[in-house]
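Residue-level listing of the chains:
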Amino acid sequence: CAQDPLDFEWSYWVEWGRERILWLLAGHLLVSQMCRLFMEKYKPWCLMVYGMAACWFLLGIKGFAVILLYAAISFAVAQFQISLLTWLCSLVLLSTLHIPAVEEAKRKWYDTENEYYLLLFTVSVRCLFYTSFSLEYCWHEPAQKSSHSFLWMLAYVFYYPLFHNGPLMNFDEFSKQMRKQEAFSLKTNVGILIVGIIRIFFWWCLAELMIHLMYIHAICSSSPPLEAVSYWALGGLALAQVLFFYVKYLVLYGVPALLLRMDGLKPPALPRCVSLMHSFTKMWRSFDVGLHRFLVRYIYFPMGGSQSSLPGMIFSTALTFAFVSYWHGGQSYLWYWGALNCLGVIVENGIKRILSVSLIRDLI
């Protein structure tokens, strides 16, 4: 039977994966294993060169130049070592993705919309990587200068398994793990690869079954069926949507996570099943672990976080979700989505604070 065509993200990445990206990831795997066998010391630079070549091949010279230019601008601004200036630079770079004239100019570089969207998605994810590196640069001690060079920024930004769609890995974690030289066993790695491929193939089959048999997105895109069914059925459709979203990201994040493990790095944990979640806070903490670590380290804690007063905590949370909504595209529905999630997190944290008061605890 025909598949439900209305989940753009799944159709888009499966098509790109089959055509080119999976082959490029296989090339990355081959290069990284050769480096681990024969020249572990030069692994970061070999993988950087491979990532740059893969970027050039997929996005063309102009797409490659945009990513390199953004990296250079971000690095130059980071030299002032002012966190606020770094954030302003990152937001300005991100805002260029939504300028109509710039969008039209970039569209003309490519023959198809899909190629343009690949550049758009890649640059938006790279913006988080530029921001992570630049803020770590602002915070580092002078003695650590060599580990925060422009070369290391390029090694981080062009690391291919995380290049197009994430998951996100903060620079401090990436650099520490990439520098660490540990014993390498080809036999162990082959075992990890085989088990990983079997698991990802199972998740992919499950996602394909759901998209071919359930038509969740097609049903939810039309108002008459939604108006005709009961509230129980609407709840079931909502649950089916988030379960498909979970299985989809097991595949989309599972592939790069497997390659990170093959490279000797520890990837962010894969998403936890949404059926096990009962709170907004837990959902944000354990679904996209890489994005959560980024938000907490670079926005939530620097703005005061849970350690500040109640107004400070509310402000930190609101600012975090404002950035999330803007980074995802800034459309009106994303602001509503971000506001509702923000409200959920604030209510949960507020209740936790109330319950931590000894008088209230004793009453309970």
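Provided above is the structure to which this section pertains.
In this text the structure is predicted, and so the values were computed from the model without any measurement.

The rules behind each value
Residues numbered from 1 in each chain as written. Predicted model: local features only at pLDDT ≥ 70, side-chain atom pairs only at ≥ 80, totals over all residues. Heavy atoms only, no water. Axes fitted to C-alpha atoms, helices over the stretch in contact; angles between N-to-C directions. Helix = DSSP H or I, 4+ residues; strand = E, 2+ residues; numbered from the N terminus. Left-handed = near helix turned anticlockwise from the far one by under 90°. Contact = heavy atoms within 4.5 Å. Nonpolar A, V, L, I, M, F, W, Y, C, P; charged D, E, K, R; others polar. Salt bridge = Lys/Arg side-chain N within 4 Å of Asp/Glu carboxyl O. Buried < 20%, exposed > 50% of the residue type's maximum accessible area, 1.4 Å probe, protein only.

Asker: I'm lost on the packing of helix 5 (residues 113–139) against helix 6 (residues 150–157) in this one. Help?
Answerer: How two helices sit against one another is set out by the angle between their axes and by the gap between those axes. One can describe the packing of helix 5 onto helix 6 by two numbers: an axis separation of 10 Å at closest approach and a directional angle of 145°. For the element pair helix 5 and helix 6, the recorded crossing hand is right-handed. Every residue of helix 6 that contacts helix 5 at Arg-126, Phe-129, Tyr-130, Ser-132, Phe-133 and Ser-134 is listed here: Trp-152, Met-153, Tyr-156 and Val-157. A per-class count over the contact of helix 5 with helix 6 returns seven nonpolar, two polar and one charged.

Asker: I'm lost on unusual backbone geometry in this one. Help?
Answerer: Leave glycine aside and you will find that most residues have negative phi; peptide bonds, for their part, are mostly trans. The linkage connecting Gly-166 with the following residue, Pro-167, adopts the cis geometry, with an omega of 5°. If you check the backbone angles, Gln-81 has positive phi at about 55° while not being a glycine. With respect to the helices and strands, Gln-81 occurs in the loop between helix 2 (43–78) and helix 3 (83–95). Look at Tyr-215: it is not a glycine, yet its phi comes out positive at around 50°.

Asker: It is not clear to me how the pattern of salt bridges should be interpreted in this structure. Could you clarify?
Answerer: Any two side chains of opposite charge can pair, so long as their charged atoms come close to each other. Inspection of every chain in the model, using the stated rule, returns nine salt bridges. Where Asp-7 meets Lys-248, a salt bridge forms, and the shortest distance between an N and an O atom there is 3.2 Å. Within this pair, whereas Asp-7 is found in the segment before helix 1 (8–38), its partner Lys-248 is found in helix 11 (residues 231–262), the two being separated by 241 residues in sequence. Since its relative accessible area comes to 7%, Asp-7 is described here as buried.

By themselves, these are just geometric observations and shouldn't be taken as functional.
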